[in-house]
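What the coordinates show
Given next are the chains, with one letter for each unit.
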Amino acid sequence: MEDLVKFVQDEFVTKKEMSDFSAGDTITVYYEIKEGNKTRTQFFRGVVIQRRGSGATETFTIRKMSGTVGVERIFPVNLPALQKIEVNKRGKVRRARIFYFRELTGKKARIKEKRN
């Protein structure tokens, strides 16, 4: 059964080409919002906390601070409304899922930038 599901996903689900990013990177996601018969583009800029799943079911979680409140948003990679993803900063972290980032405030919440 799993093989059949994987085959259908590989053959029929279109995989979007997007820039390579990982946990700790600061990215901007541009996505389309439909309101009635109008559409507009909105962006969400924040730090990638995790990438999860594989293939058609892959998702990534972004966290940003809106004033003093932390806002997290989960985006599926194959979301049709996704227009583009820009990598603003490459972060240097030592884990794939940085949930500890939620408790940090102030200067502790900074992520070192990756050196090339």
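Up top is the structure these notes are about.
Presented here is an overview of the structure given in this document. (Residues numbered from 1 in each chain as written. Predicted model: local features only at pLDDT ≥ 70, side-chain atom pairs only at ≥ 80, totals over all residues. Heavy atoms only, no water.)

This paragraph deals with the overall build of the protein. Within the protein, the regular secondary structure consists of one helix and five strands. Scanning the protein from its N terminus toward the C terminus, one meets helices and strands in the order α-β-β-β-β-β. Looking at the protein as a whole, 27% of its 116 residues qualify as buried. With an accessible surface of roughly 8700 Å², the protein has 50% of that area assigned to carbon and sulfur atoms. Distance from the positive charge centre (26 side chains) to the negative charge centre (14 side chains) of the protein: 11 Å. (Helix = DSSP H or I, 4+ residues; strand = E, 2+ residues; numbered from the N terminus. Buried < 20%, exposed > 50% of the residue type's maximum accessible area, 1.4 Å probe, protein only. Areas by Shrake-Rupley, 256 points an atom, 1.4 Å probe, with all protein chains shown as cover. Lys, Arg positive; Asp, Glu negative; His and termini not counted. Charge placed at Lys NZ, Arg CZ, Asp CG, Glu CD.)

When you tally the buried positions in strand β1 (residues 26-35), you get seven out of 10 residues, the bulk of the element. Sheet topology note: the β1/strand β2 (residues 38-52) ladder contains 10 bridges and is antiparallel. Bridge pairing links T26 to V47 in β2. Joining the antiparallel neighbours β1 and β2 is a turn of two residues, in which G36 adopts a positive phi near 70 degrees. Judged from the six bridges that link them, β1 and strand β5 (residues 82-89) form a sheet pairing that is antiparallel. The residue bridging Y31 from the neighbouring strand is L82, located in β5. (Pairing = 2+ DSSP bridges.)

What follows covers the sheet that holds β1. Read from one edge to the other, the open sheet built from five strands follows the order β4-β3-β2-β1-β5, with strand pairing classed as antiparallel. In this open sheet, the two strands that pair with only one neighbour each are β4 (69-76) and β5. Each adjacent strand pair in this sheet contributes to an overall mean axis angle of 40 degrees, direction not counted. Summarising the sheet, strand β3 (residues 59-66) and β4 pair through eight bridges and their orientation is antiparallel. Looking at β4, one finds that T59 is bridged to P76. (Axes fitted to C-alpha atoms, helices over the stretch in contact; angles between N-to-C directions.)

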